[in-house]
Amino acid sequence: MTASTRHPSTILPVVACAALTAAVACGGDGDGGTTGPEPGATVAVVEITPAVDTVTALGDTLRLVATARDANGDPVPDVSFTWSSSATSVATVDDSGLATATGNGEARITASTAGVSGTASLSVAQQVAAVEVTPAVDTLAAVGDTVRFSATPRDGNGNIVADVSLVWLSFDQAVATIDTAGLATGRTTGTATIAAIARGVPGYAGLWVVGPPAWAAVSAGEVHTCGVRTNGDVYCWGNNSDGQLGDGTNDTRFVPGAVQGSLQFSALSAGGHHTCGLTASGDAYCWGWNVFGQLGDGTNTVRHAPVTVQGGLQFTTITAGSRHTCGVTVNGDGHCWGYNSSGQLGDGTTTDHDTPVEVLGGLQFAAMTADTAHTCGLTTAGDVYCWGANQYGQLGDGTRIDRLSPVAVQGGLDFTVVSAGSSHTCGATTSGDAYCWGNNLFGQLGDGTSTRRLSPVAVRDGLQFGDIAAGLFHTCGATTDGDAYCWGNNQSGQLGDGTLTAHLTPKAVFGGLLFSVVSAGEEHTCGVTSGGDIYCWGDNSKGQLGDGSTEPRFVPVKVAG
């Protein structure tokens, strides 16, 4: 407390004791003790209680009590005070001494009487009691979409606390991330709790990411493309002249459209003018062109939506060629159906089949791959066998003789992946080295020449591949680091290097994207990035790149949706 004093004023006349009716002596109690200030005592100081205090919310009040005292420190009764504040923007005070906080800062509260003043110091320092996050709940329609959150710190009375730094957090960063400015980005479907923290006090908001899940796989067909999302939904786009998009129409689609029905797929393969997929339970379904029985439903009827492959077999993998289809059952047996003019069904004949027939040889397959007129299978031991047309040496057995049943690819290499192109074949070994064989007119074997090869030759430059895909006259691969490279024909930009120049050795795909899988179509290529997006490049005459246009793209473009 701070007090102010002044000199005593003129002393009032003293009333004689004789004039009093009391039985005690004037100014005493008979024992000689004092009873307080003498009548008419002069105010020497004004004391305010509390002398120093702090309030933490605007609108809070503090009762101040003023006491007038004489020179001996005794209270002077029956005194009126005038109250004032040195900073009404910080605190006001009424006639009874009730102070009200109005803003942050310091104010001196003064009580005055008879020219004597006392002061108290009042600090107003707002404390954050709560943080209000806006919007409190929001929804993102798609992975990759963003929303801006804002946060308002408030004191205990709900007033805004200004000039407070915020820290933003996402408690579910796999679902959504948030930057230092409050911009949240959906990363995958799910829910995320968003927090804004001001001076250690958190406020919360909820964020739902409900848009399309990430892409899990992509398959490039002749002039159409299909993809599977992580929730099992299948979408197709591009040419639909024979119902190969599975949407119940023949309408060309320039962006992904859902395949009809409620089936959830774990794998799919886009062929020439048909598409096939597997459910999680291993049931096979196909749709599209069916003149040669490539849908496996026992008919030659074109189907515009998925139909069940006959035979009751349960498959682990499926591959759609130009006009035939093959799959590996849960027992490791290979089965094929459809066109068989060159023995590509592997049953020892050239007879077409509209339901699955078993591939001869009793081999146990882990995967199969089919294209125009030949098929290859990767055994569980890592060996590759091929059968069907062999005009260009695409069977890799050192000859150009068509084979009606599987023959071993020469070289004794152990493969982890194999892919059949139109007239060439490529694979990656357990060490990641890439090998190709067959037609090499455009350099699609990647060995630096255009020489046809009847057995595997190493792809140049020593890259280590985790995935590889052979197209019509080009090949692409994703390295173990996720980088994409392509080689061979490039007349439609299918190599993705920004040019139309063919390359006899691997050329990096432009853009620096990281891919987990790639798929090569006739003259276009697609891949799934590590973030679950699909990018495509090359020919787009039927909308097979899925970017909403028919413009060819010489570098990767993101598929819509």
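Before any of the text, the structure's been laid out above.
Definitions and cut-offs
Residues numbered from 1 in each chain as written. Predicted model: local features only at pLDDT ≥ 70, side-chain atom pairs only at ≥ 80, totals over all residues. Heavy atoms only, no water. Helix = DSSP H or I, 4+ residues; strand = E, 2+ residues; numbered from the N terminus. Buried < 20%, exposed > 50% of the residue type's maximum accessible area, 1.4 Å probe, protein only. Core = buried A, V, L, I, M, F, W, Y, C linked by side-chain atoms within 4.5 Å. Patch = residues over 30% accessible without salt bridge, like charges linked within 9 Å, V, L, I, M, F, W, Y side chains within 5 Å. Areas by Shrake-Rupley, 256 points an atom, 1.4 Å probe, with all protein chains shown as cover. Salt bridge = Lys/Arg side-chain N within 4 Å of Asp/Glu carboxyl O. Phe/Tyr/Trp six-rings, centres within 6.5 Å; stacked < 30°, edge-to-face > 60°.

## Let's talk about unusual backbone geometry
Consideration 1: With an omega of -5 degrees, the peptide bond running from Thr-49 to Pro-50 counts as cis.
Consideration 2: Among the structural elements, Pro-50 can be located in the loop between β2 (45-49) and β3 (52-55).
Consideration 3: In the Ramachandran plot, Asp-163 falls in the positive-phi region, its phi being about 60 degrees despite a non-glycine side chain.
Consideration 4: Along the chain, Asp-163 turns up in the loop between β14 (150-154) and β15 (167-170).
Consideration 5: Using a relative accessible area of 79% as the deciding quantity, one classes Asp-163 as exposed.
Consideration 6: A positive phi angle, close to 85 degrees, is found at Asp-461, a residue other than glycine.

## Regarding the nonpolar core
Consideration 1: By size, the foremost hydrophobic cluster in this structure holds 24 residues, and its most contacted members are Ile-48, Leu-64, Trp-83 and Leu-122.
Consideration 2: Where this core is concerned, the elements lending two or more residues are β2, β5 (65-69), β7 (91-93), β8 (98-101), β9 (105-113) and β10 (116-124).
Consideration 3: When residues in this core are grouped by element, the largest group, four residues, is from β10.
Consideration 4: By size, the runner-up hydrophobic cluster in this structure holds 22 residues, among which are Val-128, Val-131, Val-175 and Ala-192.

## Some details on a nonpolar patch on the surface
Consideration 1: A cluster of nonpolar residues, Val-167, Leu-169, Phe-171 and Tyr-204, forms a patch on the protein surface that exposes about 400 Å² of accessible area.
Consideration 2: When you line up the elements, Val-167 lands in strand β15.
Consideration 3: What makes Val-167 partly exposed here is its relative accessible area of 46%.

## Observations concerning the packing of aromatic side chains
Consideration 1: Under the criterion given, the structure shown has 13 aromatic pairs.
Consideration 2: On the basis of an interplanar angle of 85 degrees and a centroid distance of 5.9 Å, the ring pair of Trp-215 and Tyr-235 is categorised as edge-to-face. Residue Trp-215 is found in strand β20 (residues 215-220), and its partner Tyr-235 is found in strand β22 (residues 234-238); the two are separated by 20 residues along the sequence.
Consideration 3: Assessed through its relative accessible area of 5%, Trp-215 is described here as buried.
Consideration 4: The partly exposed category is assigned to Tyr-235, whose relative accessible area is 21%.

From the geometry alone we can't say anything about function, so treat these as descriptive.
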